[in-house]
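Here is how the chains run, residue by residue.
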Amino acid sequence: MANIELIATAAFGLESIVARELKNLGYDNLVVENGKVTFATDELGICRTNLWLRSSDRVLLKMGSFKARTFEELFEQTKALPWEEWLPEDANFPVQGKSIKSQLFSVSDCQAIVKKAIVERLKENYGRSWFEETGPRYQIEVALLNDIVTLTLDTSGLGLHKRGYRQLAGQAPLKETLAAAMIQLSYWNKDRALIDPFCGTGTIPIEAAFIAQNRAPGLKRSFAAEKWPRIPKELWQEAWQEALDLWNRNVPLHIYGSDIDPNALALARTHALEAGVEDVIHFQRLPVAEVRSRFKYGHMIANPPYGERLGDVSEVEGLYLELGETFKRLENWSLHMLTTHQFPERLIGRRWDKSRKLYTGRLECHYFQFFGARPPREPYQNDTSRLTNSDVVETVK
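Residues numbered from 1 in each chain as written. Predicted model: local features only at pLDDT ≥ 70, side-chain atom pairs only at ≥ 80, totals over all residues. Heavy atoms only, no water.

(A) Region of the structure containing the pairing of strand E7 (residues 148-154). Burial of E7 is extensive: 6 of the 7 residues sit out of reach of the surface. Here strand E4 (residues 58-67) pairs with E7 via 7 bridges, running antiparallel. Looking at E7, one finds that Leu-61 is bridged to Leu-153. Relative to E7, strand E6 (residues 140-145) is paired through 6 bridges, and the arrangement is antiparallel. The residue bridging Leu-144 from the neighbouring strand is Val-149, located in E7. Hairpin connection between E6 and E7: a loop of 2 residues separates the two successive antiparallel strands, and Asn-146 in this loop has a positive phi of roughly 55°. (Buried < 20%, exposed > 50% of the residue type's maximum accessible area, 1.4 Å probe, protein only. Helix = DSSP H or I, 4+ residues; strand = E, 2+ residues; numbered from the N terminus. Pairing = 2+ DSSP bridges.)

Below, the structure is given as structure tokens:
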């Protein structure tokens, strides 16, 4: 198998999380930059990273990078790359692009020149003058930044936030990749209770269950590179089998989601069922002011409504005040919340311990973290007995 270079793209602020995930998968010598993490691997790595990365948007195959200030330079250096090593004769290879602070600022012209250069390269290698493009899809991107051109192939297809379990979306949905990052940033672990008091359609609880069970998030979906002849089906089967072997379905969990919207909760239960974690997450219709827990230590992780998104500012601040009162009752718990509000400590009732700028779509937010007391030095064990329906009410309400 060849040594190839991949780029795991990431939303701003999540690069370190993606790098941590790659290290946990065994990949070292990472180059972390704004919006991406670059690393070396082989064809099996394409399969494994698409299956396992939780907070990355896409996995791109880096074909090459070079400086170009003229269209001639762009054409010649694109043509010099070994496209035939990846693109078969029937490849469907559309080109998309972006240009930032570069001499070649016309994206449409750059796309056309890259396309023409690849066609000319393939003509020479396949001895053909016309390509029908009826085969597998190879989405090509030409990205220019400060006159440096990077050419990539998209191995993922649909964005990696498309896990395959959320066919329906509620109002203002949280991306699965961001939800997974929020959980990992909280340092919650499966031995602690977790409550999302604004769970909506269930994304945070479901992603938490995936993390706790060590379940690869891509198991229920397909990827563009599955159809590429260069990657044998046996490699995909090897990656899938590894993911299935490492999936711990029997770990006892205490994950709860509550919301006041019955329609959102109905979707949450449907999504949990589609994800295969309906038996380890307990959803309940409940206002945030009534959330309780019998567990001494735990984490509240939430994406509460924003004034810019749902409701007006005064209504949202009222919810945050209620969240603050609930947090005070959960004396040793930690609270982690994503919001556009600049001063949530005024509503929560205490100064935040850590803040990180993140983005949900194009909306700038901050992830505020209020840490609770540390548990005793000896490993803390929650009650791991099977919960009944009455236990759920006792636990959350």
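(B) Geometry of the domain arrangement of the chain. Domain boundaries assigned for the chain yield domain 1 (4-154) and domain 2 (176-219 + 253-370). On a C-alpha basis, the centroid separation for the pair domain 1 and domain 2 is 35 Å. At the interface, 14 residues of domain 1 touch 20 residues of domain 2. When the two sides are added together, the surface that domain 1 and domain 2 hide from each other amounts to roughly 1,400 Å², 57% of it contributed by carbon and sulfur. In terms of surface lost to domain 2, no three residues of domain 1 exceed Phe-12, Leu-51 and Arg-54, which account for 43% of the buried area on that side. Where domain 1 packs against domain 2, one counts 0 salt bridges. Across the contact surface, domain 1 and domain 2 share 10 residue pairs in polar contact (both at pLDDT 80 or more). Broken down by secondary-structure element, the contributors of at least two residues to the side of domain 1 that touches domain 2 are helix H1 (15-24) and helix H2 (43-52). (Domains from an automatic or database assignment. Contact = heavy atoms within 4.5 Å. Buried area = accessible area lost by both parts, 1.4 Å probe. Salt bridge = Lys/Arg side-chain N within 4 Å of Asp/Glu carboxyl O. Polar contact = N/O pair within 3.5 Å; in protein donor to acceptor, adjacent residues only side chain to side chain.)

(C) Spotlight on the side chain of Glu-207. Inspection of the secondary structure assignment puts Glu-207 in helix H6 (residues 203-212). With relative accessibility at 0%, the residue Glu-207 sits in the buried group.

(D) Fine view of the UniProt feature "domain: THUMP" (unreviewed entry) in the chain. When the UniProt feature table is mapped onto this chain numbering, "domain: THUMP" (unreviewed entry) sits at residues 45-155. Within the segment residues 45-155, helix and strand shares are 33% and 26% respectively, and the terminal C-alpha atoms sit 11 Å apart. (UniProt positions renumbered as here; feature names shortened; annotations may be inferred.)

(E) Molecular detail of the sheet that holds strand E14 (residues 363-370). Strand order in this open sheet of 7 strands is E10-E9-E8-E11-E12-E14-E13, and the pairing throughout is mixed. On the outer flanks of this sheet lie strand E10 (281-285) and strand E13 (354-360), each paired with one strand and no other. Shown here is a sheet whose adjacent strand axes are inclined to one another by a mean of 20°, direction ignored. Two strands pair when backbone bridges link them, and strand E12 (residues 334-339) and E14 are joined in this way by 5 bridges, in the antiparallel orientation. The residue bridging Met-337 from the neighbouring strand is Phe-368, located in E14. Strands in contact with helix H8 (residues 262-275) are strand E9 (255-259) and E10; relative to E10, the strand with the most contacts, it is inclined by about 170°. Docked against the sheet, helix H9 (residues 313-329) engages strand E11 (298-302), E12 and E14, running at close to 165° with respect to E12. (Axes fitted to C-alpha atoms, helices over the stretch in contact; angles between N-to-C directions.)

(F) Quick look at the pattern of salt bridges. All chains considered together, the criterion is met by 15 salt bridges. Note that Asp-147 and Arg-69 form a salt bridge whose closest N and O atoms lie 3.4 Å from each other. With a gap of 78 residues between them, Asp-147 in the loop between E6 and E7 and Arg-69 in the loop between E4 and helix H3 (71-79) connect regions that are remote in the sequence. Its salt-bridge partner being Lys-115, residue Glu-133 comes within 2.9 Å of it at the nearest N-O pair. Of this pair, Glu-133 sits in the loop between helix H4 (107-126) and E6 while Lys-115 sits in helix H4, placing them 18 residues apart in sequence. Glu-133 gets classed as partly exposed once you look at its relative accessible area, which sits at 24%. Look at Lys-115 and you get partly exposed, because its relative accessible area is 22%.

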